[in-house]
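Structural overview for review
Next come the chains, spelled out residue by residue.
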Protein chains: 2
Amino acid sequence: MLTKTEENYIKEIFTIETITKKDVSTNSIAKKLDTKPSTVTDMLKKLATKKLLSYQKYKGVKLNNKGKTIALSVIRKHRLWETFLVKKLNFSWDEVHEIAEQLEHIKSDKLTNRLDQFLGFPTVDPHGDPIPNANGEFTKTKTICLTKLTINTESIFVEVKNASDKFLKYLSKNNIAIGSKIKILYIEEFDNSVDILVNNKQINVSESVAKNIYLNN
Amino acid sequence: MLTKTEENYIKEIFTIETITKKDVSTNSIAKKLDTKPSTVTDMLKKLATKKLLSYQKYKGVKLNNKGKTIALSVIRKHRLWETFLVKKLNFSWDEVHEIAEQLEHIKSDKLTNRLDQFLGFPTVDPHGDPIPNANGEFTKTKTICLTKLTINTESIFVEVKNASDKFLKYLSKNNIAIGSKIKILYIEEFDNSVDILVNNKQINVSESVAKNIYLNN
DNA sequence: AATTATTTTTAGACTAATCTAAAAATAATT
DNA sequence: AATTATTTTTAGATTAGTCTAAAAATAATT
Ligand SMILES: [Mn+2]
Ligand SMILES: [Mn+2]
Ligand SMILES: [Mn+2]
Ligand SMILES: [Mn+2]
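Residues numbered from 1 in each chain as written. Chains lettered and ligands numbered in written order. Predicted model: local features only at pLDDT ≥ 70, side-chain atom pairs only at ≥ 80, totals over all residues. Heavy atoms only, no water.

Taken together, 21 residues are adjacent to DNA strand D, and Thr3 and Lys46 of chain A together with Lys45, Tyr55 and Lys57 of chain B come closest. Here, DNA strand D places atoms within 4 Å of the protein, and 78% of those atoms are sugar or phosphate. The side chain of Lys57 of chain B places a nitrogen or oxygen atom 2.6 Å from a phosphate oxygen of DNA strand D. Counting only elements with at least two residues in the surface near DNA strand D, the list comes to helix 1 (4-20) and helix 3 (37-49) of chain A together with helix 2 (26-33) and helix 3 (37-49) of chain B. For the surface near DNA strand D, the element with the highest residue contribution is helix 3 of chain A, accounting for 5 residues. For the surface near DNA strand D, the residue count by class is 6 nonpolar, 10 polar and 5 charged. (Near = heavy atom within 4 Å. Polar contact = N/O pair within 3.5 Å; in protein donor to acceptor, adjacent residues only side chain to side chain. Helix = DSSP H or I, 4+ residues; strand = E, 2+ residues; numbered from the N terminus. Nonpolar A, V, L, I, M, F, W, Y, C, P; charged D, E, K, R; others polar.)

A few words now on the packing of helix 1 (residues 4-20) of chain B against helix 3 of chain B. All names here are of chain B. Close contact between helix 1 and helix 3 brings their axes to 11 Å; oriented N to C, the two are set at 95 degrees. As summarised for this structure, helix 1 and helix 3 are arranged roughly perpendicular, according to the angle between their axes. Contact residues: Thr5, Glu6, Tyr9, Ile10 and Ile13 in helix 1; Thr39, Val40, Met43, Leu44, Lys46 and Leu47 in helix 3. Residue classes in the contact of helix 1 with helix 3 are distributed as 7 nonpolar, 2 polar and 2 charged. (Axes fitted to C-alpha atoms, helices over the stretch in contact; angles between N-to-C directions. Parallel < 35°, antiparallel > 145°, perpendicular 65-115°, else oblique. Contact = heavy atoms within 4.5 Å.)

All names here are of chain A. Bridge analysis of strand 1 (residues 53-56) against strand 2 (residues 60-63) gives 4 bridges, and the strand direction is antiparallel. In the strand pairing of strand 2, Gln56 is matched with Gly60. Remark: 3 residues form the turn of the hairpin made by strand 1 and strand 2, two consecutive strands paired antiparallel; Tyr58 in that turn has positive phi of roughly 65 degrees. (Pairing = 2+ DSSP bridges.)

Where the parts come together, the accessible area they lose is often given as the size of the interface. Counting residues at the interface gives 20 residues for chain B and 20 residues for chain A. At the boundary of chain B with chain A, total buried surface from both sides reaches about 1,700 Å², with 70% on carbon and sulfur atoms. Among the residues chain B hides against chain A, the three largest losses belong to Leu89, Gln102 and Arg114 of chain B. Together they make up 28% of the total. Across the contact surface, chain B and chain A share 2 salt bridges. Linking chain B to chain A there are 8 residue pairs in polar contact (both at pLDDT 80 or more). Sort the elements by how many residues they give to the side of chain B that touches chain A and helix 6 (residues 109-118) of chain B lands first, with 5 residues. When its residues are assigned to classes, the side of chain B that touches chain A shows 11 nonpolar, 4 polar and 5 charged. (Buried area = accessible area lost by both parts, 1.4 Å probe. Salt bridge = Lys/Arg side-chain N within 4 Å of Asp/Glu carboxyl O.)

Attention shifts here to helix 5 (residues 96-103) of chain A. Taken residue by residue, helix 5 of chain A has Val96, Ile99, Ala100 and Leu103 of chain A as its buried positions. Seen along its axis, helix 5 of chain A keeps its buried residues to an arc of 100 degrees; they face one direction. Contacts from the buried residues of helix 5 of chain A go to helix 4 (65-87) of chain A together with helix 5 (96-103) and helix 6 of chain B. (Buried < 20%, exposed > 50% of the residue type's maximum accessible area, 1.4 Å probe, protein only. Arc of directions from axis to C-beta.)

To continue, consider the packing of aromatic side chains. Taken as a whole and judged by the stated rule, the model has 7 aromatic pairs over all chains. Geometrically, the ring pair formed by Trp81 of chain A and Trp81 of chain B is edge-to-face, given 5.9 Å between the ring centres and 85 degrees between the ring planes. A residue pair is termed interchain when its members come from two chains, as with Trp81 of chain A in helix 4 and Trp81 of chain B in helix 4 (residues 65-87). Summarising the burial analysis for this pair, Trp81 of chain A and Trp81 of chain B share the class buried. (Phe/Tyr/Trp six-rings, centres within 6.5 Å; stacked < 30°, edge-to-face > 60°.)

Here we come to the sheet that holds strand 4 (residues 154-160) of chain A. All names here are of chain A. If you trace the 6 strands from one edge of the open sheet to the other, you get 3-8-4-5-6-7, paired in antiparallel fashion. The open sheet is flanked by strand 3 (143-145) and strand 7 (201-205), the only strands paired with a single partner. The sheet shows a mean angle of 45 degrees between the axes of neighbouring strands, direction not considered. Bridging between strand 4 and strand 8 (residues 213-216) involves 3 bridges; their strand directions are antiparallel. From the neighbouring strand, Val160 faces strand 8, where its bridge partner is Ile213. Running over the sheet, helix 7 (residues 165-173) touches strand 4, strand 7 and strand 8 and is turned about 150 degrees from strand 4.

Dropping the structure here:
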């Protein structure tokens, strides 16, 4: 049985690994988990003896299958709870992450699966992130970043990277939500900001905003 | 912010205090929490410095208002989650306690209150225990133990003491549930077992069973 | 290739929660 | 009242998770 801390390390390593597709460095984990590298080293040694990942001094870590299974289980719970909070308890999408950080550590497969059923086996969470099923499988649909979208093509907003509450609130304020139809009109050469048409209204969003919006492809 | 462990101590002290109506002894806490008395002493000192209870060496402890408020908040969450599990996720009443032991430590007033609303502001949990409202208030209805019921009077089963899963399963097996109409027919002098009529069927239950069944008064 | 910068690990210390063993206080019996 | 039993506390040790400071390894620059 893993502790909450161990689960958080495994989950974070999985996420970094998925993005970078390389061995995960001590420092990158420390930054994400807001701890010191020395603390991370200690934990990596422990997780290695628990056979959840392979660790070589100075070379970073790589999750093995056991570690990946645990990561997917925690992510599954996180996203199911976020969905529950939004769909059943009427939370907004910028309020759910912190609470899900707690709920993702509740240990009961029966609870997780009943919750899944209660929600109608959702495939994506309120931020458009895929929800792994009971076997840890999920279909990751191909999405395209707003910055890469062809001019004048309309597409549907399906996923948000950087689910910080500040960013999510910004989107809500501008009536940009999962499911919104977005058309890109013009990319400003100077600062890479983008003119977009959303809900028949034209607005300009900065490059850093555009980079976090992903659409159907 | 209290740790899970601290919350469990506070909750247990509250429960013992409610039953015994006396200062709570170190040993009684140790037994209930399955720890050693020396461990309890350390924790009592800590909780005293945090001003949640008054502690005098060798004299036991008594929760103050701050401590009681915390206890009621944890109990509220525990019973709301049990209700959620039974009413919304179709768990049986003997499966929910362990999961609620985890969920009761989730920290978010908004979540607790939204859950309360989602459930329709229930006043009792699946075992007939009262659920404190957002202000920590609850109405404790007067109940009478099956052993004290007048012969041939019918009454409704409203609360179960000793919510161990074994006991709850025993009741379910005999079709005795919260809401069941029970009439007491005869008390056996020899072993204090009781003949009762439940759902038009006569059965005999032992004294230790009868002692844990409480009915409307 | 040598120097400098960055990353990672080691060493030693701290807090929270726990334990065992022994001492001290309180309660119960003779 | 003295003795015995029980309860509670103290003292010292352990594990998980964290930190700081220093050492070692690796990477980047001159
Ligand atoms: Mn999240
Ligand atoms: Mn999410
Ligand atoms: Mn319970
Ligand atoms: Mn209950």
